[in-house]
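Letter by letter, the chains look like this.
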Amino acid sequence: MEIIKTLGEFIIDQQTEYPDASGELTSLFSSIRLAAKILHREINKAGLADIMGSAGEDNVQGEQQQKLDVYANERFKNALAQRGVVCGIASEEEEEFVTFEETKNLDGKYVVLIDPLDGSSNIDVNVSVGTIFSIYRRVSPLGSHVTEEDFLQPGHKQIAAGYVIYGSSTMLVYSTGNGVNGFTYDPTIGVFCLSHPNLKIPADGNIYSVNEGNYIHFPDGVKKYIKYCQEEDTTTNRPYTSRYIGSLVSDFHRNLIKGGIYLYPTSSRYPNGKLRLLYECNPMAYLIEQAGGTAVATTGQRILDIEPTTLHQRCPLFVGSPNMVGKLEEFITEFG
Ligand code: AHG
Ligand code: MN
Ligand code: MN
Ligand code: MN
């Protein structure tokens, strides 16, 4: 008989195997798991309920907030505030970090940074979206007020990170620093089940993912690399395949499983790139390194080593199969 391991069982096993993993982290994951199930439910009936379209406001980055951006933000915020282990969060949809003092979470050990709904421009057209999260131990003393420094930590200090993909099935993929594991949601029993143990990205791949509409504005090294991807060369399996969904979580997830490279470079419209360091680039960089891949902002600049200065700062992102990212770095070194 096939043995099914649930996310809950998996987390408990990890707790006994790795003394560092505490019951508090288990509780934190329960919050994320619960909010993900609620989002799954809402997203799956998005066409029927009045939850598509714009919420009528812009967020701090000047993007139009979608109703589901707001809904997802509230759901995750409430779930994370409930259990006393998180002292505050920072979110794409909140200008300032949020403290959980009213819920008496001053003793919470952890802070969470979150992109509650990634790819939200895709929601109205039934394309996969996601949630991205990043977890740190706070640096301020327990019992005190949470500070901005608690959130402005370099990515290598993350103690866990992950994403939920609301795709043809819903999956939760996460790491606590001991590899990456993926769990598929079975909505008939309401449980995430281990389906992708110990995910490793292939060292090489043949998929490149980039919004090529911005090509004219890319740096020369990136332009030359894209041309390299398109050239014929049977020994290196080129031309590569181009795949771009426009939801970071979905593009990342595909490349993690199949091998590939994802690029969001600087451009004249986005001089620092578009993606946000703290709740998009860092968690994905943590996951890819745990899966044997690479994530850089430019040649030799590991994403996880960047010292953040502001909550919503942006950052170029090149992430994926190590040999592909290495090749891109050669082009950036040579052509800038
Ligand atoms: P979000 O929906 O959380 O604001 O993120 C949007 C991001 C990311 O999901 C995606 O990969 C990227 O924006 C797409 O940007 P372009 O439309 O510029 O390609
Ligand atoms: Mn957004
Ligand atoms: Mn996003
Ligand atoms: Mn978002």
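Just so it is clear, the model here is predicted, and its values are computed rather than measured.

**Things to note about the overall build of the chain**
For the chain, the helix and strand inventory stands at 8 helices and 16 strands. Computed over the C-alpha atoms, the radius of gyration of the chain is 19 Å, within 12% of the 20 Å expected from 2.2 N^0.38 for a compact globule of 336 residues. Expressed along its principal axes, the backbone C-alpha trace of the chain runs to roughly 60 × 50 × 45 Å. Split into buried and exposed, the 336 residues of the chain put 46% on the buried side. The long-range fraction of contacts in the chain, counting pairs at least 24 apart against all pairs at least 6 apart in sequence, stands at 64%.

**Things to note about the sheet that holds strand β6 (residues 129–137)**
One open sheet accounts for 8 strands, arranged β4-β3-β5-β6-β7-β8-β9-β10; its pairing is mixed. Both edges of this open sheet fall to β4 (98–99) and β10 (191–196), since each of them pairs with a single strand only. In terms of strand pairing, strand β3 (residues 86–91) meets β4 through 2 bridges, oriented antiparallel. Directly across from G88, in β4, lies its bridge partner T99. Set on the sheet, helix α6 (residues 248–258) makes contact with β5 (110–118), β6, β7 (160–166) and β8 (170–175); between it and β7 the angle comes to about 100°. Docked against the sheet, helix α7 (residues 277–290) engages β3, β5, β6, β7 and β8, running at close to 80° with respect to β6.

**Some thoughts on the pairing of strand β16 (residues 317–320)**
Remark: a regular strand shows side chains that alternate across the two faces of the sheet. Alternating positions in β16 separate into two faces, L317 and V319 on one and F318 and G320 on the other, with burial throughout. Strand direction decides the pairing type here: strand β13 (residues 261–264) and β16, joined by 4 bridges, are antiparallel. Following the sheet pairing, L263 is matched in β16 by F318.

**Digging into the domain arrangement of the chain**
By domain assignment, the chain separates into domain 1 (7–196) and domain 2 (207–335). For domain 1 versus domain 2, the distance between C-alpha centres works out to 24 Å. With 35 residues of domain 1 in contact, the opposing surface of domain 2 contributes 27 residues. Elements with a contribution of two residues or more to the side of domain 1 that touches domain 2: β5, β6, β7 and β8.

**Things to note about the UniProt feature "domain: Fructose-1-6-bisphosphatase class 1 C-terminal" (unreviewed entry) in the chain**
Under the local residue numbering, the UniProt record ascribes the feature "domain: Fructose-1-6-bisphosphatase class 1 C-terminal" (unreviewed entry) to residues 201–331. Segment residues 201–331 splits into 35% helix and 15% strand. End C-alpha atoms: 22 Å apart.

**Section: the site of ligand 1**
As a structural note, the neighbourhood of ligand 1 is formed by E63, E92, D115, D118, G119, S120, N211, G246, S247, L248 and K274. Its residues placed into classes, the shell around ligand 1 shows 1 nonpolar, 5 polar and 5 charged. Looking at which domains feed residues into the shell around ligand 1, each of domain 1 (7–196) and domain 2 (207–335) supplies at least three.

**Topic: the confidence of the model for the chain**
Here the chain shows a mean pLDDT of 94. Residues at 70 or above account for 99%. Reported confidences for the modelled complex are a pTM of 0.97 and an ipTM of 0.98.

**Some thoughts on the sheet that holds β13**
Within the open sheet, the 6 strands sit side by side as β12-β11-β13-β16-β14-β15. Their pairing is mixed. Pairing within the sheet leaves two strands with one partner each, and these edge strands are β12 (241–242) and β15 (301–302). Bridging between strand β11 (residues 207–209) and β13 involves 2 bridges; their strand directions are parallel. By the bridge assignment, Y208 is partnered in β13 with I261.

**Points about unusual backbone geometry**
The omega torsion across R238 and P239 is 5°, close enough to zero to call that bond cis. Residue position: P239 is located in the loop between α5 (220–230) and β12. Look at N126: it is not a glycine, yet its phi comes out positive at around 65°. Following the sequence through the fold, N126 ends up in the loop between β5 and β6. Assessed through the 11 C-beta atoms surrounding it within 10 Å, N126 is described here as exposed.

Thresholds applied
- Residues numbered from 1 in each chain as written.
- Chains lettered and ligands numbered in written order.
- Predicted model: local features only at pLDDT ≥ 70, side-chain atom pairs only at ≥ 80, totals over all residues.
- Helix = DSSP H or I, 4+ residues; strand = E, 2+ residues; numbered from the N terminus.
- Rg over C-alpha atoms; globule rule 2.2 N^0.38 Å.
- Buried ≥ 20, exposed ≤ 12 C-beta atoms within 10 Å, placed from the backbone.
- Contact = placed C-beta atoms within 7 Å.
- Pairing = 2+ DSSP bridges.
- Axes fitted to C-alpha atoms, helices over the stretch in contact; angles between N-to-C directions.
- Domains from an automatic or database assignment.
- UniProt positions renumbered as here; feature names shortened; annotations may be inferred.
- Near = placed C-beta within 6 Å.
- Nonpolar A, V, L, I, M, F, W, Y, C, P; charged D, E, K, R; others polar.
- pLDDT = per-residue confidence, 0-100.

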